[in-house]
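Architecture and fold: a report
Below are the chains, spelled out letter by letter.
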Amino acid sequence: SDVIKKHPDHAGMIALQKDLQAQMDNASKGGLIGKPAPDFTLPDVNGKPVALSSFKGKYVLLDFWASWCKPCRIENPNVVEAYHKFKDKNFTVVGVSLDQAKEPWLKAIKNDKLDWPQLSDLQFWQSPIVALYGFEGIPFNVLIDPQGKIIAEGLRGRFLETKLEEVLK
């Protein structure tokens, strides 16, 4: 693009090019399935840093959402149901929110009864996690096996429960 030609050294442009390249790479490789889940550390609701790798040894549904995202809020009851059905079978959910403000985020967690670890850097779409996982819309999720490998992505509605029944024998 012209902007990149005019400002090839602009940090934002370089970052954007990297993001786009990462997304294109992800898409061309059939997404994230079969790859190790990129590790990250984000603050929880109390500001305590939590690393994704601290859940190794469990099946983890990494759930990307936000309080302002209507489709996410509609999907949340399905995730709640799956969580309660499978949480005693070496399974947990880790929520990552793309919220910008803490109040609406905390309110949504309470209202939707999301009683699993909730993480956010409150950086909206600027969160480095977005580029790390290369998704362009939410709700989005990945299912990670106990070894830390991604075994499914984009599980919604009954597909989430069907997949969990399949792997959590």
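In this report, the structure presented in the accompanying data block is examined. (Residues numbered from 1 in each chain as written. Predicted model: local features only at pLDDT ≥ 70, side-chain atom pairs only at ≥ 80, totals over all residues. Heavy atoms only, no water.)

1. A short note on the pairing of strand β6 (residues 140-144)
- The element β6 is extensively covered by neighbouring structure, given that five of its five residues are classed as buried.
- Across the two faces of β6 the burial is the same, with Phe-140, Val-142 and Ile-144 and Asn-141 and Leu-143 all buried.
- In the sheet, strand β3 (residues 59-65) pairs with β6 via five bridges, with the strands oriented antiparallel. In the strand pairing of β6, Leu-61 is matched with Leu-143. (Buried < 20%, exposed > 50% of the residue type's maximum accessible area, 1.4 Å probe, protein only. Helix = DSSP H or I, 4+ residues; strand = E, 2+ residues; numbered from the N terminus. Pairing = 2+ DSSP bridges.)

2. Things to note about the state of the cysteines
- For the coordinates displayed, the defined rule picks out one disulfide.
- Each disulfide pairs two cysteine sulfurs, and for Cys-69 the partner residue is Cys-72, the sulfurs being separated by 2.2 Å. Across the S-S bond of Cys-69 and Cys-72 the torsion is about 80°, and the bridge reads as right-handed. No difference in accessibility class separates Cys-69 from Cys-72, as the two residues are buried. (Disulfide = S-S within 2.5 Å.)

3. Comments concerning the nonpolar core
- Phe-40, Leu-62, Phe-64, Phe-91 and Tyr-133 are the most contacted members of the largest nonpolar core, which totals 47 residues.
- When residues of this core are traced back to their parent elements, those giving at least two are β3, α3 (70-86), β4 (91-97), α4 (102-111), α5 (128-133), β6, β7 (150-153) and α6 (158-167).
- Those residues in contact with Phe-40 that sit more than four places away from it in its chain are Val-50, Ala-51, Leu-52, Leu-62, Val-96, Leu-119, Ile-129, Leu-132 and Tyr-133. (Core = buried A, V, L, I, M, F, W, Y, C linked by side-chain atoms within 4.5 Å. Contact = heavy atoms within 4.5 Å.)

Treat this as a map of the structure, not an account of what it does.
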